[in-house]
Amino acid sequence: MKAFLLSALLAGAMFGQASAAEPEMIRISTNETDLILQVAPSGRLYQSYLGDKLLDEADIRNLAWNVHAATDGSVTTRGWEVYPASGWEDYFEPAFAIEHNDGNLTSVFKYVSSETKRTDPNVSETIITLRDEVYPVEARLHYISYGKENIIKTWTEIRHEEKRPVKIARYASNMLYFSSPAYHLTEFSGDWAKEVQMSSQELHYGKKILDTKLGSRAAMHVSPFFELGLGAPVRENEGTVLLGTIGWTGNFRFTFEVDNVGNLRVLSGINPYASNYELKPNETFTTPEFIFTLSDEGAGKASRDFHDWARTYQVKKGQDDRYTLLNNWEATSFNFDEDKLERLMGEAKELGVDLFLLDDGWFANKYPRENDRAGLGDWEANRAKLPHGVRHLVEAAQQAGVKFGIWIEPEMVNPKSELFEKHPDWAIHLPNRETYYYRNQLVLDLSNPEVQEYVFGVVDKLMTENPGLAFFKWDCNSPITNVYSHYLGERQQQLYIDHVRGVYNVFRRVAEKYPDLPIMLCSGGGARCDYEAMKYFTEFWCSDNTDPVERLYIQWGFSQFFPTKTMCAHVTSWNKQASVKFRTDVAMMCKLGFDLSLDELSADELSFCQQAVANFKRLKPAILEGDLYRLVSPYEGNHMAVSHVSKDQSRATLFAYDIHPRFGEKLFPVKPQGLDPRKRYRVEEINLMPGAKPFAAHGQVFSGDFLMKVGLDLFSTNPMSSRVIELTEAR
Ligand code: DGJ
């Protein structure tokens, strides 16, 4: 990894320039990366270095007094201030902006103290306190570093002791600086059914902003993560790459600003749009967590580091198994009754999956949930469809030999509901304008603690009445529209922030009370997927688009940040031109599920699916717990390949897909990565339709070295065709 230190630019001038007083240096490190901050004589805190870990501790002193800070105690040169505020010598995007009680708009933070403690042998936390000397305002910068996983998580707390509330207009979680010959940003944008489409651009002078104003369902157009190629575009296995993400399911904003001297600052935080937050004296404003890794072996390694970290430290039940399931949304939509559901439970058992998941449409009586126009908010079983209630379904599933899970969307309300009739003021909508509805519904105002209590109660009541419920799918189908809180009164500027805090508060309470309950995070597909929410959810729904061709791109995108076990992928009938095999092979590279009726399958297709479920379960140590290698990108041609390697390298998968190859196209072998070159592996093609012949190398044994250097011929020129290969160590 190249060292991205501005000091290098003036290296000659810099060394030996230090004043007699030793500067305070703060080192935040993983096993591979150093982030080094230093206190200037002025008392202000600057970023000295972010790059490959320095081998010799003594070298850190050599970073002192670089151009980030003036040497004479005054600040004459604009430096890389760690938490710069608006209104003084920095003309670019600030991390912080405030209006003090006397109307003054400036802040200058000075270093007060820093403490570092090791919270486990692999993790340490540094807290740096900064204070304005003129106004009683304090910023506490938090950094947690995960040694082995090479991840740093950072956030900021703001507090003040002015007499009256202050208004804060900017409150970044973090700011990082880079000096590099070129910056290439990869973003993940799209829409409903088009999530996380990857595109890249070079950054030049000025700003590129990735943000959202959707309030909830906030990631519908752009996801809260990015990749930054330093010196060159992001590549899979080489080059220096920063991967960053923010844990905020509301309005977020990343600002990438290249300044007049070609440095880049990356600011991450809540989008301050319509959110001048009023902070009371002694109240603490805590920003969302920004999490990043710096890799010098491309995005592939950075993703694997993220996956390891997420499974070990962040995701609910991150190290536990996941259920395979049969969902009924695509199969039945709102049209079902007990008989139909019981038939599907039988089909779940026949397929061999663990669980049956009942989707939307099971609730509400006065305004029955027969379509998406009514009933949201009234969470009792619909008596016409389900005369014996949810408990009966849980029991019926038990009898069928599968577990039972249920869909909810408790943050929302249809105006046609008893809930809205009783509590119209609980919904976010304007008192004095015509209401605009997105999917015929409104967002409940979770800035209101009473509403938080109600939403928590939806899950709590269902669980109390039906302790056999084994799984939830938590949906969120509307952005915030008609932005007005009946609870916040004159503090409307706080709605976007306090609402999201309320959402997380409810998630946390549910997770605390039901720590073993698996819950799928969903938002009209994958429009809500962030690492704060994932503390409380075991998995997420990547997209309503289950056309396997589209899914390849979507899954490729999400895999940059999220481990396989969190990414739900179901076999459906979205693209009937694609074979059941192709559809299943695409879903099986993530957390496999189904959402179709077995009536749609021929006897051979059914037996294929049963075998695929069994294969998936056998291969979980590789697919769910192993290392993901993205081998061939769908963005670079007509094929895609990925591989999962178990941590002990004793087994692996290879998934190879032909998308829309061209006639006579030249085909290349797929070369797996991450195998042990000295081990020998038996190669077997699995997921074959009954009667289909396996590929030529089926049953042969090769060394890991040979496989990685020579590869296997897995691609074809057949459209929408696929192969799944199992590699098992031959002893
Ligand atoms: C949107 C989700 O993404 C779908 O999977 C399904 O649950 C529908 N909502 C139900 O309304």
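Now for a quick tour of the structure. Every value quoted in this text rests on a predicted model; they were computed, and no experiment measured them.

The next thing to look at is the overall build of the protein. A tally of regular secondary structure across the protein gives 13 helices and 35 strands. Relative to its length of 731 residues, the protein is compact, with a C-alpha radius of gyration of 27 Å against a globular reference of 27 Å. Taken along its principal axes, the extent of the C-alpha atoms in the protein is 80 × 70 × 45 Å. The proportion of buried residues among the 731 residues of the protein is 64%. Excluding contacts between residues fewer than 6 apart, the proportion of contacts in the protein whose partners are at least 24 apart in sequence is 70%.

Let us now look at the pairing of strand β28 (residues 567-571). Of all five residues in β28, five are buried, a share of seventy percent or more. Pairing of strand β27 (residues 539-541) with β28 involves two bridges; the strand directions are parallel. Across the sheet, the residue bridging to Phe540 is Met567, located in β28. With helix α9 (residues 548-558) bridging β27 and the parallel β28, this β-α-β connection has right-handed handedness. Inspection of the sheet shows β28 paired to strand β29 (residues 591-594) by four bridges, in the parallel sense. By the bridge assignment for β29, Cys568 is matched with Lys591. Handedness of the crossover joining β28 and β29 through helix α10 (residues 580-587): right-handed.

Here we take up the nonpolar core. If you look at the biggest cluster of nonpolar residues, it comprises 191 residues, and the most contacted ones within it are Leu228, Trp362 and Phe404. Core analysis: the second largest hydrophobic core is formed by 20 residues, Ala641, Val645, Ala697 and Leu712 among them.

A complete count under the given rule lists 48 salt bridges for this structure. Between Arg27 and Asp34 there is a salt bridge, with its nearest N and O atoms 2.8 Å apart. According to the relative accessible area criterion, Asp34 is buried, its value standing at 0%. Ionic pairing is found between Lys366 and Glu421, a salt bridge with its closest N-O pair at 2.8 Å. Residue Lys366 is found in the loop between β21 (355-358) and α5 (389-400), and its partner Glu421 is found in helix α6 (residues 418-422); the two are separated by 55 residues along the sequence. A relative accessible area of 42% means that Glu421 is categorised as partly exposed. Through salt bridges with shared partners, a single network forms among Arg131, Glu138, Arg159 and Glu161.

What counts as what
- The numbering scheme is per chain: residues are counted from 1 as the chain's sequence reads.
- Per-residue local features are limited, in this predicted model, to residues with pLDDT of at least 70; the limit for side-chain atom pairs, both in listing and counting, is 80 or more; totals at the level of whole chains, interfaces and linings are taken over all residues.
- Note that water and hydrogens are dropped before the side-chain values are worked out from all heavy atoms of the structure.
- For the purposes of this entry, the term helix denotes a DSSP run of H or I that reaches at least four residues, the term strand denotes a run of E that reaches at least two, and both are numbered from the N terminus.
- The globule rule used here is 2.2 Å times the number of residues to the 0.38 power, and the radius of gyration it is set against is calculated over C-alpha atoms.
- The cut-offs for exposure are 20% and 50% of the maximum accessible area for each residue type, with area from a 1.4 Å probe on protein chains only; residues under the lower value are buried, those over the upper are exposed, and the others partly exposed.
- Contacts were defined at the residue level, with two residues in contact if any of their heavy atoms lie within 4.5 Å.
- Note on pairing: two strands pair once DSSP finds at least 2 bridges between them.
- A crossover gets the label right-handed when its path from the first strand over the helix to the second runs clockwise, viewed with the strands pointing away from the viewer.
- Throughout this description, the term nonpolar core refers to a set of buried Ala, Val, Leu, Ile, Met, Phe, Trp, Tyr and Cys residues connected via side-chain atoms within 4.5 Å.
- By definition, a salt bridge exists where a carboxyl oxygen of Asp or Glu is found within 4 Å of a side-chain nitrogen of Lys or Arg.

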